Amino acid sequence: MDAQDIRRAFLDMLRQDGHAVVTRAPIVLRDDPTTLFTGSGMQPLLPYLLGAEHPQGARLADVQPCLRAQDMDEVGDNRHTTFFEMLGNWSLGDYGKAEQIPRVFRFLVDVVGLDPNRLYVTCFLGDPVHGVPRDEESAEIWERLFAERGIECRRIDLGTEEYGNEHGNQGARIAFYGDKNWWSRFGAPDDMPVGDPGGPDSEVFYYFPQVEHDTRYGRFPHQNSDGGQYLEIGNSVFMTFRRTETGVAELPKHNVDFGGGLERIAAASLDDPDVYRVSLLWPIVEKLQQMSGKAYDGGAPEIVHAMRVVADHLRGAAFLAADGVKPGNSKQGYVMRRLVRRALRFGLELELTEGVAVELVPIVGKLFADVYPEVAEQEERIVAVLQKEERQFARTLRKGLSMLRRLHRQGEVVTGEHLFELHDTFGMPLELSLEEAERKGYALAADWRPVFDGLMEAQRDRSRAAV
């Protein structure tokens, strides 16, 4: 099944199970100042997870476009994207683990067609400090489901990623973790703001035996390792708690919140750990190959990395533009500006100096025309917004990169003054300058941060005095 088929099949299955399919929310939530972007399907439903009655009932489903700017620096490997689609279903006090976990298993195995022998799961180890018990119920349901397929299902307590990195999962199909299997928008219970909901979760991973474990991420592989063999494809959150002044307390209604990464499930369906080969990204990569004359398959690592960055960032920027965001110097506009400028920077690796937006936006529009027609409908305006930013940055990018290369040739370290000049004169975001220095091995002065911050503050003081 390709990604479009998986999206359609998921919603069809949930409708048959009595779920109302709700309209996707904008990527920028106008009435939620706590977050820049919609980073999960549950964010628009927060009032209902806290107890409000939803007008469409207690069983809901959707496919939500999401953007996670915090993953921007990770883009370029075979699994991270900033923009992605999340398959979601919710129970607002209607059903629990006994119905949800078999539904996820049935969808992945019987609908998508994944090999159950390649599925591995995680459960919550428990939190005695906050009075949250070990999730034996989820583990027992998983054991029964695997046993019905004739699959052995051993358990292991790993607790933390660090422990797992040193000991591995030793072939156990169910691994228990602590904070890694607690979900809230802000992480572990102690990091949650008062009033926010959360709870234990059970994650599903697809195992790629053809991938060699990357020992940079630990000695041995396990479910929550970034070593490459295990790819998380879904997560059922049992949102039964709410943060209080003194700890956590049970919510009046016990909710279920499922999120499944569409691109990752599609990659598993292809038995290929590279999400950029799925049907919602590969046409963009194919166009980049055509534009650059460079190969993705068997290409140099830096070329593959660059194609992934450009494909992801332009796709995300197109959706932001469709939702009304423009590149700027604050909040969502700053993230969008950084996406476009990083895309242009990595486009230079492909010898693409212009025309990236005008070539790629129509492809993005066509890929999503059946479910998110707003991109295709606004194609001309989106191209104009992105092209304007491309042209502005292209004029200064080469000068900034040339300055960094010159400093390196002369044996100079990159100082806070240099970074400020790159930002102030050449318009290069600090993150991009630091990323370039790291990629090329340029030395940074030990005191670059306080020097840069001081110059930025002085600039802000001058701006305030001029008002």
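See the structure printed just above.
So, a few notes on the structure that sits alongside this text. (Residues numbered from 1 in each chain as written. Predicted model: local features only at pLDDT ≥ 70, side-chain atom pairs only at ≥ 80, totals over all residues. Heavy atoms only, no water.)

Let us look at the overall build of the chain. For the chain, the helix and strand inventory stands at 15 helices and 10 strands. Taking 23 Å as the expected radius of gyration for a compact globule of 467 residues, we find that the chain reaches 23 Å, a close match to that expectation. Taken over the C-alpha atoms alone, the chain extends approximately 65 × 50 × 50 Å along its principal axes. For the chain, the residues scored as buried account for 58% of the 467 residues in total. Considering only contacts within the chain whose residues lie at least 6 apart along the sequence, 69% involve residues at least 24 apart. Of the roughly 19,600 Å² of accessible surface on the chain, 48% is carried by carbon and sulfur atoms. Side chains of the chain give 54 positive and 74 negative charges; the mean places of these two sets differ by 5 Å. (Helix = DSSP H or I, 4+ residues; strand = E, 2+ residues; numbered from the N terminus. Rg over C-alpha atoms; globule rule 2.2 N^0.38 Å. Buried < 20%, exposed > 50% of the residue type's maximum accessible area, 1.4 Å probe, protein only. Contact = heavy atoms within 4.5 Å. Areas by Shrake-Rupley, 256 points an atom, 1.4 Å probe, with all protein chains shown as cover. Lys, Arg positive; Asp, Glu negative; His and termini not counted. Charge placed at Lys NZ, Arg CZ, Asp CG, Glu CD.)

Moving on to the pattern of salt bridges. Under the defined criterion, the tally for this structure stands at 39 salt bridges. Of the charged contacts, one joins Arg106 and Asp17 as a salt bridge, the two residues approaching to 3.2 Å between their closest N and O atoms. Of this pair, Arg106 sits in helix 3 (residues 97-111) while Asp17 sits in the loop between helix 1 (3-16) and strand 1 (20-21), and the two are 89 residues apart along the sequence. For Asp17, a relative accessible area of 23% gives the class partly exposed. The salt bridge partner of Asp272 is Arg277, with a shortest N-O separation of 3.4 Å. Taking the relative accessible area as the measure of exposure, Arg277 reaches 28% and is therefore partly exposed. (Salt bridge = Lys/Arg side-chain N within 4 Å of Asp/Glu carboxyl O.)

Taking 1.5 Å per residue as the helical rise, helix 8 (residues 301-322) with its 22 residues ought to reach 32 Å, and the 32 Å between its terminal C-alpha atoms agrees with that figure. The buried fraction of helix 8 amounts to 19 of the 22 residues, a majority that puts the element mostly inside the structure. Two residues or fewer after helix 8 comes Gly324, characterised by a positive phi angle close to 95°. (Expected span 1.5 Å × (residues − 1).)

Mapped onto the elements of the fold, Glu140 is located in helix 4 (residues 136-148). Each C-alpha atom, one on Glu140 and one on Val414, is 56 Å from the other, the two residues being 274 residues apart in sequence.

Our next topic: the side chain of Gln43. Tracing the chain through its elements places Gln43 in the loop between strand 1 and helix 2 (46-49). Polar side-chain contacts of Gln43 include one of 3.2 Å to the backbone oxygen of Phe37. A distance of 3.3 Å separates a polar atom in the side chain of Gln43 from the backbone nitrogen of Ser40. When near neighbours in sequence (up to four residues on either side) are disregarded, Gln43 contacts Leu29, Asp32, Thr35, Phe37, Thr38 and Arg185. (Polar contact = N/O pair within 3.5 Å; in protein donor to acceptor, adjacent residues only side chain to side chain.)

Turning to the packing of helix 7 (residues 282-292) against helix 10 (residues 356-367), a few remarks are in order. At a closest axis distance of 10 Å, the pairing of helix 7 and helix 10 adopts a crossing angle of 155°. As far as their axial angle goes, helix 10 and helix 7 are roughly antiparallel. Judged by the sense of rotation from one axis to the other, the crossing of helix 7 with helix 10 is right-handed. Contacts between helix 7 and helix 10 pair Pro283, Ile284, Lys287, Leu288 and Met291 from the former with Val356, Glu359, Leu360, Ile363, Val364 and Leu367 from the latter. Classifying every residue of the contact of helix 7 with helix 10 by side-chain character gives 9 nonpolar, no polar and 2 charged. (Axes fitted to C-alpha atoms, helices over the stretch in contact; angles between N-to-C directions. Parallel < 35°, antiparallel > 145°, perpendicular 65-115°, else oblique. Left-handed = near helix turned anticlockwise from the far one by under 90°. Nonpolar A, V, L, I, M, F, W, Y, C, P; charged D, E, K, R; others polar.)

Turning our attention to the pairing of strand 3 (residues 83-92). In terms of burial, strand 3 is largely enclosed, as 10 of its 10 residues are buried. Residues Phe83, Glu85, Leu87, Asn89 and Ser91 line one face of strand 3 and the alternating positions Phe84, Met86, Gly88, Trp90 and Leu92 line the opposite face, and both faces are buried. Alignment of strand 2 (residues 59-67) against strand 3, held across 9 bridges, turns out to be antiparallel. Residue Val63 lies in a different strand from strand 3, and its bridge partner there is Leu87. Two strands pair when backbone bridges link them, and strand 3 and strand 10 (residues 248-261) are joined in this way by 7 bridges, in the antiparallel orientation. Its bridge partner being in strand 10, Ser91 is matched across the sheet by Val256. (Pairing = 2+ DSSP bridges.)

Let's shift gears to the packing of aromatic side chains. To describe a pair of aromatic rings, one takes the distance between the centres and the angle between the planes. Counted according to the given criterion, the structure contains 18 aromatic pairs. Ring plane angle 70° and centroid distance 6.3 Å describe the contact between Phe105 and Trp142, whose orientation is recorded as edge-to-face. Here the residue Phe105 occupies a position in helix 3, and Trp142 occupies one in helix 4, the gap between them amounting to 37 residues. With relative accessibility at 2%, the residue Trp142 sits in the buried group. Note on Phe105 and Phe146: the rings are 5.4 Å apart at their centroids and 80° apart in plane angle, and the pair reads as edge-to-face. Of this pair, Phe105 sits in helix 3 while Phe146 sits in helix 4, and the two are 41 residues apart along the sequence. Among the aromatic residues, ring-to-ring pairing joins Phe83, Phe319, Phe368 and Tyr372 into one connected group. In this structure, Arg173 is placed above the aromatic ring of Phe146, and the distance from its NZ or CZ to the ring centre is 5.3 Å. The lysine or arginine in question, Arg345, covers the ring of Phe346, its NZ or CZ lying 6.0 Å from the ring centre. (Phe/Tyr/Trp six-rings, centres within 6.5 Å; stacked < 30°, edge-to-face > 60°. Lys NZ or Arg CZ within 6 Å of the ring centre and 35° of its normal.)

In short, geometric facts, not functional conclusions.
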